[in-house]
Every structure is written in structure tokens, then in C-alpha cells.
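Listed here are the chains, written in short residue letters.
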Amino acid sequence: MKNWKRVLQTVSLAGLAAFMLSGCGNGSGNSSSDNSATGSSGKDELVVWTFTSELSTMINDYYLPAHDDLAYDIRIVEIPSDQFETKLDPILGSKDAPDVIALESAFVKKYVESGMMADLGSLGLDEAAADTYQYVKDVGTSKDGVLHALAWQAAPGGFYYRASMAEELLGIDDPAAAQAALSDYDKFYEQAKAVKEKSGGTTYMISSVQDLAKPFYGKREHGWVEDGKLVIDDSLYDLLDVSRKFVEEGLTQDTEGQSEAWFAGMNGDNVFGYSLPTWGLHYWLKPNATAADNSSSTEGDWRMIQGPSSWFWGGTWIGATANSEMQEEAAQLVAYLTTDQAFLKHWAEDTGDFVSNERVVEEIKGEYEEEFLGGQNHYAEFADMVQDINAKILTEYDQTIETLFTDSCLTPYSKGEVDQETAIQNFKDAVVNAYPDVQVD
């Protein structure tokens, strides 16, 4: 797949400093003032910044072979997610900004609402994205109705549980019965108590309060900030109540999400299930299902259901920057990676990723059997789950405010360190400090 007639350059973080000194939009030291930079081949250069190597793979192995007559080079800069915004913010809007940027769901709205991204609709992507799931388009659309970013994947969340434990402890022998037993949080709580009791206290329903929090954040009816005012959705009070009961009654292992202990439960016998999005199966559950010393493995013993609520977590959106001199070329790349049905079908079949195009999903959803999930067709399940996702609740404040709520309110309250009134007030105070312009009652 490497017989293309132009250069693909991937720059790691280690080389980023030198790259930025020359002006990332002006590769190879070219000091021209526009963003249609010249690469080492003498051609113009389309600069792409990403925090995920997936984008490099897509461009390298799919886009370039399918476009072997491009008149420009593509330079990809990979930056760790936790450094991406820090590197991007100082140059976004300048001549040194990249042409195309990848945006994680945690901060996509910040850039969609920044005024510094190109109008993809005017570049033909409104029509091209006709079959893209609406929630994916909602995320990439600004308050004034302009499409600025699209994603190649959709990421509905589900509950992954151990089939053997469900049968032994709850008498549940298939996913349909599991969904019926866990279809709301009252039932989820009752089954959590049964798991603890029937296992003799050795098994927890969930590993972390995060396994409750992420679905509750996703099921809100209101975003964190509406009309400039902080909104604490009613579902968040439910989250506080449920989390407190789970911690007090020992129904959770009480680990920290994404910690070593949280991952360790995926290959042991002390955690019944995890709340994970589509990509969580491939990037978290599968890699951690077998212990590092191969002493234990849970592969094949997992199943996936919707669980008590509809929600989503994560995903990668891509868009073009407003000051790029190569917006049409950038839009061509974005359109291919997020709307081209032939590519998305190949990508889904090659990786198992749940793609954002409804027509592609409908075409292939009946073909899946996931061995890791005991032969379950999880793709068809996701196709149903994605329909109920509400992405209109996302705001540019989400990444920070969700963290503030978790750290100042949810965690201390669930652990019994403060009462609910104090926890809520602590959260409000933290928001005032972080965003003085947001009205907090």
C-alpha cells in the first residue's frame, strides 16, 4: 500500500519543537506567509495535527492509495492528547496553524464554537454527510448552525458484563435477559446487591463510580451551560444518590477510572461489569482481559447490552482551520474519512470500529460475530443504541466542568466526606473560579 507518488511525513512530539520553529504550516523551513506551505518535494503541503495514530493509519493506508494523483504532500503531526490543546491554542488562527485538526469529544465543542474553524457545509460536506448519524453532526455544528467538524465513528456507550457471573449469580443466560434485568437504575441497584450477596461479597457490580457517572453525564437533558448560566441537570442529583449508595453499601470496588486497579478487574473475578463506549471494547477491554503474566483471562466471557440508559463517550472529529489556504483540499480529506461509504465500510470491517454512516452500518450490521463477546453481534446492538443519543447537551465547557463536578462534588459526596448541599456548593464555587463569566445561582 505504499506505491503512492507523493510524500507522507509523520512528525512525532519529539520533533515538534523544531517543526514549530519553522512554522508548522510552512514546512521544511519555508518562511512564506500563507498556509499553503511547500514540502520537501517542492509541492504544497497539507498539514494535519492529530492526537490519535488512527488518523495517520487512515491517511497512510487508505486515503493516499485512493488518491495517487494529489498535487500536494500531506504532513501529519502526532501529539499526545494531554498536550494537544496546549500546542494548538497558541497558533490557532495564525499563519502557523495546521490545515486540518483532529478533535476529541472532550474538547471538540471548544473549537467548533471558537470561530477559528472552516465552514464545512459551504465546502460541500452538508450534502456529503446526509447519511451521517445526526448526533455526530450535532457535535460538530456550532450554535449558529454551521458545520465545522465531522467524525468517522460513533461511540454509543453500553454495559459490558461477565456472562458466567450473570448466569451463576443472577440466573441470567443471555443478553436480552440481562437488558431486562438492568434496564433502569433501580433494577441495576437491586442486581448489584444480589451480585454482592450471592458472591459472598467477593464480586462487585462495577469497579468505579465512573461506571455510573459516564452514563449519567450522557443521559442529561440539559448541557452544563445554557444561555450563559450553569445548569445542574436533575439526573446529576440521581447520580449523586446512586453513587453514594454504591459506595456505602460496597457495591463498587471503589477504584479510580482508568487506574491500574480499574483495568485489573477486567481479567479477574471481582468485577461484574464496566460501562464502556464502542471503542472501549477494542482499546481497553480486549487488551486487559488477559493478565500480564497470562495467569488468567476473561476473553470470550463478556457480553454487551445497552444497560439502564442511552449515552455516548468519546470519538474523534476532524475539521479544517478557518485561515487555511488549502480549505478545499482539507475538506476533501475530511469528506473521505468521515463520509465516503466505501472507505467507512473497509474501515469498519478491518478494525471493528462502529462508523458514523447509518447506511454503511445498516449494510454490514448483520454480518458481525464478535468472538471476544462469545459470538455476540454487538454491532447490531450499537446500531439500535446510537439512535437515542442526545448530543445537543454538549458545550465548550464540558471538559473542565465535568472534571470539576467529579472532583469537587461527586467523589467527596459518594465517599461520605461531605453532605449533598456542601458538595453542590463546592462545585458551584469551582465553576465560578474557572469561568467567572458563567452565571451561577
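Parameters and conventions
Residues numbered from 1 in each chain as written. Predicted model: local features only at pLDDT ≥ 70, side-chain atom pairs only at ≥ 80, totals over all residues. Heavy atoms only, no water. Helix = DSSP H or I, 4+ residues; strand = E, 2+ residues; numbered from the N terminus. Contact = heavy atoms within 4.5 Å. Salt bridge = Lys/Arg side-chain N within 4 Å of Asp/Glu carboxyl O. Buried < 20%, exposed > 50% of the residue type's maximum accessible area, 1.4 Å probe, protein only. Polar contact = N/O pair within 3.5 Å; in protein donor to acceptor, adjacent residues only side chain to side chain. Patch = residues over 30% accessible without salt bridge, like charges linked within 9 Å, V, L, I, M, F, W, Y side chains within 5 Å. Areas by Shrake-Rupley, 256 points an atom, 1.4 Å probe, with all protein chains shown as cover. Lys, Arg positive; Asp, Glu negative; His and termini not counted. Charge placed at Lys NZ, Arg CZ, Asp CG, Glu CD. Domains from an automatic or database assignment. Buried area = accessible area lost by both parts, 1.4 Å probe. Nonpolar A, V, L, I, M, F, W, Y, C, P; charged D, E, K, R; others polar. Pairing = 2+ DSSP bridges. Right-handed = clockwise from strand over helix to strand, strands pointing away.

Considering the environment of leucine 92
Here comes step 1: As for its position among the elements, leucine 92 is in the loop between helix 3 (81-88) and strand 5 (100-104).
Here comes step 2: Apart from the residues lying within four places of it in its own chain, the contact partners of leucine 92 are Ala97, Tyr111, Met116 and Thr321.

Here we look at the environment of alanine 149
Here comes step 1: Secondary-structure assignment places alanine 149 in the loop between helix 6 (134-139) and strand 6 (150-151).
Here comes step 2: For the pair alanine 149 and aspartate 138, spaced eleven residues apart in sequence, the C-alpha separation works out to 9.4 Å.
Here comes step 3: Excluding its chain neighbours within four sequence positions, the residues that come into contact with alanine 149 are Leu103, Val112, Met117, Leu120, Gly140, Trp317, Ile318 and Gly319.

Thoughts on the pattern of salt bridges
Here comes step 1: Per the stated rule, a full pass over the model turns up 17 salt bridges.
Here comes step 2: Glutamate 402 is the salt-bridge partner of lysine 214, the closest N and O atoms lying 2.7 Å from each other. Highlighted residues: lysine 214 in helix 10 (residues 210-218) and glutamate 402 in helix 18 (residues 398-414), separated in sequence by 188 residues.
Here comes step 3: For lysine 345, the salt bridge identified is with glutamate 363, shortest N-O distance 2.8 Å. Of the two residues, lysine 345 is situated in helix 15 (residues 341-351) and glutamate 363 in helix 16 (residues 358-364); the sequence distance between them amounts to 18 residues.
Here comes step 4: A relative accessible area of 26% means that lysine 345 is categorised as partly exposed.
Here comes step 5: According to the relative accessible area criterion, glutamate 363 is partly exposed, its value standing at 45%.

Section: unusual backbone geometry
Here comes step 1: For aspartate 227, which is not a glycine, the phi torsion comes out positive at approximately 55 degrees.
Here comes step 2: Relative to the helices and strands, aspartate 227 is located in the loop between strand 9 (225-226) and strand 10 (229-230).
Here comes step 3: With phi around 60 degrees, aspartate 254 is a residue other than glycine that occupies positive phi space.
Here comes step 4: Mapped onto the fold, aspartate 254 is located in strand 11 (residues 252-255).

Looking at the side chain of aspartate 301
Here comes step 1: By the element assignment, aspartate 301 lies in the loop between helix 13 (278-288) and strand 13 (302-305).
Here comes step 2: For aspartate 301, a relative accessible area of 15% corresponds to the buried category.
Here comes step 3: Within the structure, the side chain of aspartate 301 is placed 2.6 Å from the side chain of serine 164, a separation counted as a polar contact.
Here comes step 4: Residues within four places of aspartate 301 in sequence aside, it is in contact with Tyr161, Arg162, Ala163, Ser164 and Phe372.

Topic: a negative patch on the surface
Here comes step 1: On the surface, Glu167, Glu168, Asp173 and Asp174 cluster together to form a negatively charged patch.
Here comes step 2: For glutamate 168, a relative accessible area of 67% translates into the label exposed.

A few points about the domain arrangement of the protein
Here comes step 1: Partitioning the protein into structural domains gives domain 1 (45-155 + 313-367), domain 2 (157-200 + 256-310) and domain 3 (209-251 + 396-440).
Here comes step 2: Look at where the C-alpha atoms of domain 2 and domain 3 centre, and you get two points 25 Å apart.
Here comes step 3: Across the boundary between the two partners, domain 2 contributes 13 residues, which contact twelve residues of domain 3.
Here comes step 4: Note on domain 2 versus domain 3: buried area summed over both sides is about 1200 Å², and carbon and sulfur give 58% of it.
Here comes step 5: Looking only at domain 2, the three residues that lose the most surface to domain 3 are Tyr185, Tyr189 and Ser275, adding up to 46% of its buried area.
Here comes step 6: Where domain 2 meets domain 3, there are zero salt bridges.
Here comes step 7: Put simply, domain 2 and domain 3 have five residue pairs in polar contact (both at pLDDT 80 or more) between them.
Here comes step 8: Counting only elements with at least two residues in the side of domain 2 that touches domain 3, the list comes to helix 9 (185-198) and strand 12 (273-277).
Here comes step 9: No other element matches helix 9, which puts six residues into the side of domain 2 that touches domain 3.
Here comes step 10: Considered class by class, the residues forming the side of domain 2 that touches domain 3 number six nonpolar, five polar and two charged.

What to know about the pairing of strand 3 (residues 44-50)
Here comes step 1: Taken across its seven residues, strand 3 has six buried, putting it largely inside the fold.
Here comes step 2: Relative to strand 4 (residues 72-78), strand 3 runs parallel, the two being bridged by seven bridges. Its bridge partner lying in strand 4, threonine 50 is registered against glutamate 78.
Here comes step 3: Taken together, strand 3, helix 2 (residues 53-66) and strand 4 form a β-α-β motif whose crossover is right-handed.
Here comes step 4: In this sheet, strand 5 lies alongside strand 3 in parallel orientation, the contact comprising two bridges. Considered in strand 5, the bridge of tryptophan 49 is made with isoleucine 101.

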